[in-house]
Amino acid sequence: MTTLPDTLPSTIQGMKTLPPYKLVSRDNHPQNTVIKLGTAQIGKGTTIIAGPCAVENRETMLKLASSLSSLGVHILRGGAYKPRTSPYSFDGLGKEGLEILAEAKKYSGLPIITELTDIRHIDLLCAYADIIQVGSRNMQNFSLLKELGRVNHPVMLKRGLSATLEEWLLAAEYIMAEGNPNVILCERGIRSFDSYTRNTFDINAVPAIKNLSHLPLIADPSHGTGRRELVAPVAKAALAAGADGIMVEVHPQPAQALSDGQQSLTLDEMGQMMAQMKSVAPQLAG
Ligand code: PEP
Ligand code: MN
């Protein structure tokens, strides 16, 4: 058996292989990436993103935006283009939804995150959104990811429905490799055998991703559980495990929501959760 000479670099001596996601990896970039937007510093402290699953109408969105801003939320979410499992479900207001989001931003002062579902809408979304969301169903839409690598907008990349951590990080690498360093990762639960919850929020992924990558990591306990009563405890668990923030769905009347009502918090519940989260995220107390 041959032994390796002492002069070889430690990576070879210890047989440490570098990960295939070079730009995303913490190996080459030890310090956290921080993305500044409005009052948020995503990747430093705790960032709270909240809003309805979908933009439904102007009045509801404006009222909700100002209430969420008063609760201390940093970024407003709302889908104008919704990827739906059934072709017969409400799939968003499209451009009208983006216009409502722009008004809500003006009214509340909150930056906007909204989902890009179709590469043909990229210029339109960039004109309205502060952060572009890539949904789970598009995590491996490589042409979409490459195109997002060519814009400067921050991109929030949600984990695919059954993507491994490596597949997810390689998807982020697609965006960075085209020149956009502003990538945020979002753990939103994965498919499991248990149908009690919609998905299983992968708490393991939180510290694992923070070890593997310098990119900010946001937790989505709404899609991660699919059940309103589980959202606050899972949000707290994610923050305690090291997530840089959370994204949650909130609706003034969840029973009337056009999508994801069963996992949406009421405004009262959102207020209670903000108070509860201070125990694990003291920076929110300010
Ligand atoms: C959403 O955020 O509303 C959404 C569709 O999420 P996901 O892509 O995680 O299913
Ligand atoms: Mn949703």
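J.: Give me helix H9 (residues 228-240): which residues, what numbers.
T.: If you check which residues of H9 are buried, you get Val231, Ala232, Val234, Ala235, Ala238 and Leu239. The secondary structure elements touched by the buried residues of H9 are helix H7 (205-212), strand E9 (217-219), helix H8 (221-225), strand E10 (245-249) and helix H10 (267-277). Positive backbone phi, approximately 115°, marks Gly242, located one or two places after H9.

J.: Would you mind going over the pairing of strand E6 (residues 131-134) in detail, with residue names and values included?
T.: The two faces of E6 match: Ile131 and Gln133 on one face and Ile132 and Val134 on the other face are all buried. Pairing geometry for strand E5 (residues 112-115) and E6, over three bridges, is parallel. Across the sheet, Ile113 pairs through a bridge with Ile131, a residue of E6. Taken together, E5, helix H4 (residues 122-128) and E6 form a β-α-β motif whose crossover is right-handed. As defined by bridge partners, E6 adjoins strand E7 (residues 155-158) across three bridges and the pair is classed as parallel. From the neighbouring strand, Val134 faces E7, where its bridge partner is Leu157. Remark: the E6/helix H5 (residues 142-148)/E7 crossover connection has right-handed handedness.

J.: Mind laying out the site of ligand 1, listing which residues take part and the relevant values?
T.: Lining the immediate environment of ligand 1, one finds Cys53, Arg77, Lys82, Glu115, Gln133, Gly135, Ser136, Arg137, Lys158, Arg188, His223 and Glu249. In this structure, an oxygen atom belonging to ligand 1 sits 2.8 Å away from a side-chain N or O atom of Lys82. The contact in question runs from an oxygen atom of ligand 1 to an N or O atom on the side chain of Lys158, over 2.9 Å. Relative to its free-state accessible area of 300 Å², ligand 1 is covered by the protein chains to the extent of 97%. Residue classes in the shell around ligand 1 are distributed as one nonpolar, four polar and seven charged.

J.: Tell me what's going on with the nonpolar core, and back it up with residues and numbers.
T.: Ranked by internal contacts, the top residues of the largest apolar core, which has 66 residues, are Leu148, Leu157, Leu185, Ile246, Met270, Met273 and Met277. With 13 residues, the next largest nonpolar core counts Ile35, Leu37, Ile113 and Met247 among its residues.

J.: I'd love a proper account of the sheet that holds E5, names of residues and values included.
T.: Ordered in space as E3-E4-E5-E6-E7-E8-E9-E10, the eight strands form a closed barrel in which the pairing is parallel. Taken pair by pair, the neighbouring strands of this sheet meet at an average axis angle of 25°, ignoring direction. Of the pairings in the sheet, the one linking E9 to E10 comprises two bridges and is parallel in character. Paired with Ala219 across the two strands is Ile246, which belongs to E10. Taken strand by strand, H7 contacts strand E8 (183-187) and E9, and its axis lies near 170° from that of E9.

J.: Just give me the short version of the coordination of the manganese ion (ligand 2), but keep the residues and values in it.
T.: With distances of 2.0 to 2.4 Å, the protein atoms coordinating the manganese ion (ligand 2) are Cys53 (SG), His223 (NE2), Glu249 (OE) and Asp260 (OD). If you list the donors of the manganese ion (ligand 2) from N- to C-terminus, the spacing comes out as C-x169-H-x25-E-x10-D. Here Glu249 is found in strand E10, whereas its partner Asp260 is found in the loop between E10 and H10, with eleven residues between them in sequence. One exposure class covers both Glu249 and Asp260, and it is buried.

J.: Account for empty space enclosed by the protein, naming residues and giving values.
T.: Scanning all chains against the criterion turns up one cavity of 30 Å³ or more. In this structure, the largest cavity occupies an estimated 50 Å³ of space. Partitioning the lining of the largest cavity into residue classes produces seven nonpolar, three polar and one charged.

Rules of the game
- Residues numbered from 1 in each chain as written.
- Chains lettered and ligands numbered in written order.
- Predicted model: local features only at pLDDT ≥ 70, side-chain atom pairs only at ≥ 80, totals over all residues.
- Heavy atoms only, no water.
- Buried < 20%, exposed > 50% of the residue type's maximum accessible area, 1.4 Å probe, protein only.
- Helix = DSSP H or I, 4+ residues; strand = E, 2+ residues; numbered from the N terminus.
- Contact = heavy atoms within 4.5 Å.
- Pairing = 2+ DSSP bridges.
- Right-handed = clockwise from strand over helix to strand, strands pointing away.
- Near = heavy atom within 4 Å.
- Polar contact = N/O pair within 3.5 Å; in protein donor to acceptor, adjacent residues only side chain to side chain.
- Areas by Shrake-Rupley, 256 points an atom, 1.4 Å probe, with all protein chains shown as cover.
- Nonpolar A, V, L, I, M, F, W, Y, C, P; charged D, E, K, R; others polar.
- Core = buried A, V, L, I, M, F, W, Y, C linked by side-chain atoms within 4.5 Å.
- Axes fitted to C-alpha atoms, helices over the stretch in contact; angles between N-to-C directions.
- Donors = N, O, S within 2.8 Å, 3.2 Å for Na, K, Ca; no water.
- 1 Å grid on protein atoms, 1.4 Å probe; cavity = no way out; pocket = protein on both sides within 12 Å on 5 of 7 lines; lining within 4 Å.
- Points joined across faces, edges and corners; volume = space filled by probe spheres on them.

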